[in-house]
Amino acid sequence: PRVSKGNAAEEVERNMRIMGISATYDPTTKKPKGKTADSSFPLGDKRAFLTRPLRQGTKAMCNIKRIQSKKKFGGKPVYECYILDGNQETFIMFGKKRPKNKTSNYIISMAKGEAEKDSPNFLGKLRSNMLGTEFI
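Residues numbered from 1 in each chain as written. Predicted model: local features only at pLDDT ≥ 70, side-chain atom pairs only at ≥ 80, totals over all residues. Heavy atoms only, no water.

Q: Tell me about the confidence of the model for the protein chain, and name the residues and values.
A: When the pLDDT values of the protein chain are averaged, the result is 75; 74% of them are 70 or greater. By mean pLDDT, helix α1 (residues 5–18) is the weakest element of the protein chain at 74, and strand β1 (residues 62–68) is the strongest at 88. (pLDDT = per-residue confidence, 0-100. Helix = DSSP H or I, 4+ residues; strand = E, 2+ residues; numbered from the N terminus.)

Structure below.
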């Protein structure tokens, strides 16, 4: 049987309601751009999250904050990385430049302000070449 235009529009609207889609556009509703952290990220186990790759096609939105501190960290800037989980930022790692190295050399930790190699929060080191154009 043929479906008239009025019946087709009603059926489309009914299917949209079933799927939770509004038939009218509301410009005040903002959707986040891209896929950000959700409950599928293992944020409870930071080490696993930071040392394993994400599932293919998944993106993690992060903010890196550079903090200039003259006294506490020997005058060198430190870096804190936060993952965006909706409107909330969650701290995930800390980086500090190691002194007395010919090339840029950073220590990465899972705890704020803690940059010791023998710490249980130690993740690794980040080292650059002489020009500072490549990091290993």
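Q: Help me get a handle on the sheet that holds strand β3 (residues 88–97), residues and values and all.
A: The strand order across the open sheet formed by five strands is β1-β2-β3-β4-β5, and the pairing between neighbours is antiparallel. What marks the edges here is a single partner per strand, and that holds for β1 and β5 (122–127). The mean angle between the axes of side-by-side strands here comes to 25°, regardless of whether they run parallel or antiparallel. When strand β2 (residues 77–85) meets β3, the two strands line up antiparallel, connected through eight bridges. Its bridge partner lying in β3, Tyr82 is registered against Phe91. (Pairing = 2+ DSSP bridges. Axes fitted to C-alpha atoms, helices over the stretch in contact; angles between N-to-C directions.)

Q: Provide a residue-level description of the side chain of Ser109, including the pertinent values.
A: Position of Ser109 relative to the elements: it lies in strand β4 (residues 105–109). What makes Ser109 buried here is its relative accessible area of 2%. Among the polar contacts made by the side chain of Ser109, one reaches the main-chain amide nitrogen of Ala111 at a distance of 3.2 Å. Only 3.5 Å separates the side chain of Ser109 from the backbone oxygen of Asn121, close enough to count as a polar contact. Apart from residues no more than four positions distant in its own chain, Ser109 is found in contact with Met93, Phe94, Glu114, Asn121 and Leu123. (Buried < 20%, exposed > 50% of the residue type's maximum accessible area, 1.4 Å probe, protein only. Polar contact = N/O pair within 3.5 Å; in protein donor to acceptor, adjacent residues only side chain to side chain. Contact = heavy atoms within 4.5 Å.)

Q: With reference to specific residues and values, describe the pattern of salt bridges.
A: Enumeration according to the criterion identifies one salt bridge in this entry. Residue Lys65 is joined to Glu89 by a salt bridge in which the shortest nitrogen-to-oxygen separation is 3.2 Å. Of this pair, Lys65 sits in strand β1 while Glu89 is found in strand β3, placing the two residues 24 residues apart along the sequence. A relative accessible area of 36% means that Lys65 is categorised as partly exposed. By relative accessible area, Glu89 is classed as partly exposed at 32%. (Salt bridge = Lys/Arg side-chain N within 4 Å of Asp/Glu carboxyl O.)

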